[in-house]
Amino acid sequence: MSLYWLGVDEGVAFPPIQQALRDPNGLLAAGGDLSPARLLAAYRIGVFPWFSEGQPILWWCPDPRTVLPPERFHLSRSLRRSIRRNAWTVTMNRAFDDVVRGCAEPRQSESETWITDDMRHAYQRLHDLGWAHSLEVWLDEELVGGIYGVAIDRLFCGESMFMRVTDASKIALFSLCRLIHADSFALVDCQMHTPHLASLGAIEISRNAYTTRLAEIVQDLKPWHPDPIHCSVAALL
């Protein structure tokens, strides 16, 4: 099956997700643009962009899909001790660009990042429009971790998270799950499986199960307007 190419001036519709390739798993289309309208259309049907510098924009809908119901976050004993022992604080949307830049920093085992300048600018536009959000983790007034993603109705599409000290990314995801669960969110889309996410409670479900769930929890194309947050992580236990 040949890869479907999106035109920039042909609207924002995607081909049926059942046409996604098996190898590489979930590759659905290439091309198009990173406009807010196209990104929101993608997330609403379970599609997300993921590509490296020098590649065309690539759109994915893998099978199976990794998700995390926020109430199922696995809070280990060691993480609970870390929360109680350290003066972690979290904020929401206080330093969106700093979080994205932190996520764009290459990992120790990688020489490059998939969060290109085009991706960073695209999500900044979504943030300015109220669709993309960041949660920041602070220790002694220093930004040490965070997570960002797109919130639509009762779905939070997690894009990336980072840490500069031990446990900071776990703290970010824990705090996000606590806060969005309180606001009746049903699911965090984690996209791809990793052992790290699995250890925190993320599970794999079939693409059909994911899109069925998506239809239940994304009924209105409306942004999330969280209250300003600046609190101790210990207060979320």
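The notes below deal with the structure included here. Quantities reported herein were computed from a predicted structural model and do not represent experimental measurements. (Residues numbered from 1 in each chain as written. Predicted model: local features only at pLDDT ≥ 70, side-chain atom pairs only at ≥ 80, totals over all residues. Heavy atoms only, no water.)

**What to know about the overall build of the chain**
Along the chain, the regular secondary structure elements total seven helices and 12 strands. Over its C-alpha atoms the chain spans a radius of gyration of 17 Å, differing by no more than 12% from the 18 Å that the globule rule assigns to 237 residues. Along the longest, intermediate and shortest principal axes, the C-alpha atoms of the chain span 55 × 35 × 35 Å. Counting every atom, the chain has about 11300 Å² of accessible surface; 49% of that belongs to carbon and sulfur. For the chain, the separation between the mean place of its 22 positive charges and that of its 28 negative charges on side chains is 9 Å. (Helix = DSSP H or I, 4+ residues; strand = E, 2+ residues; numbered from the N terminus. Rg over C-alpha atoms; globule rule 2.2 N^0.38 Å. Areas by Shrake-Rupley, 256 points an atom, 1.4 Å probe, with all protein chains shown as cover. Lys, Arg positive; Asp, Glu negative; His and termini not counted. Charge placed at Lys NZ, Arg CZ, Asp CG, Glu CD.)

**Some thoughts on the nonpolar core**
Core analysis: the largest hydrophobic core is formed by 50 residues, its most contacted members being W59, Y123 and V150. Counting residues in each nonpolar core, the second largest holds 35 residues, with V90, M161, C190 and L197 among its members. (Core = buried A, V, L, I, M, F, W, Y, C linked by side-chain atoms within 4.5 Å. Buried < 20%, exposed > 50% of the residue type's maximum accessible area, 1.4 Å probe, protein only.)

**Considering the pairing of strand 2 (residues 27-31)**
Judged by how many residues are buried, strand 2 sits mostly within the fold: five of five residues are covered. Pairing analysis gives three bridges linking strand 1 (residues 4-6) to strand 2, with the strands arranged parallel. The partner of W5 across the bridge, within strand 2, is A30. Bridge count for strand 2 against strand 4 (residues 58-60) is three bridges, and the pairing is antiparallel. Within the sheet, the bridge partner assigned to L27 lies in strand 4 and is W60. (Pairing = 2+ DSSP bridges.)

**Brief notes about helix 7 (residues 207-217)**
Those residues of helix 7 that fall on the buried side of the exposure criterion are R207, Y210, L214 and I217. In an axial view of helix 7, the angular spread of the buried residues amounts to 95°, which keeps them on one side of the axis. Residues N208 and A215 are exposed on helix 7 and point more than 90 degrees away from its buried face. Tucked into the core, helix 7 has its buried residues touching helix 1 (36-44), strand 5 (65-68), strand 9 (155-163), strand 10 (187-191) and strand 11 (203-205). (Arc of directions from axis to C-beta. Contact = heavy atoms within 4.5 Å.)

**What to know about the sheet that holds strand 2**
Spatially, 1-2-4-3 is the arrangement adopted by the four strands of the open sheet, whose pairing is mixed. Of all the strands in the sheet, just strand 1 and strand 3 (48-49) have a single pairing partner and so form its edges.

**Notes on helix 1**
Within helix 1 the residues assigned to the buried category are P36, R38, L39, L40, A42 and Y43. Phi turns positive one or two residues past the end of helix 1, at G46, with a value near 90°.

Functional significance is not addressed by these values, which are geometric in nature.
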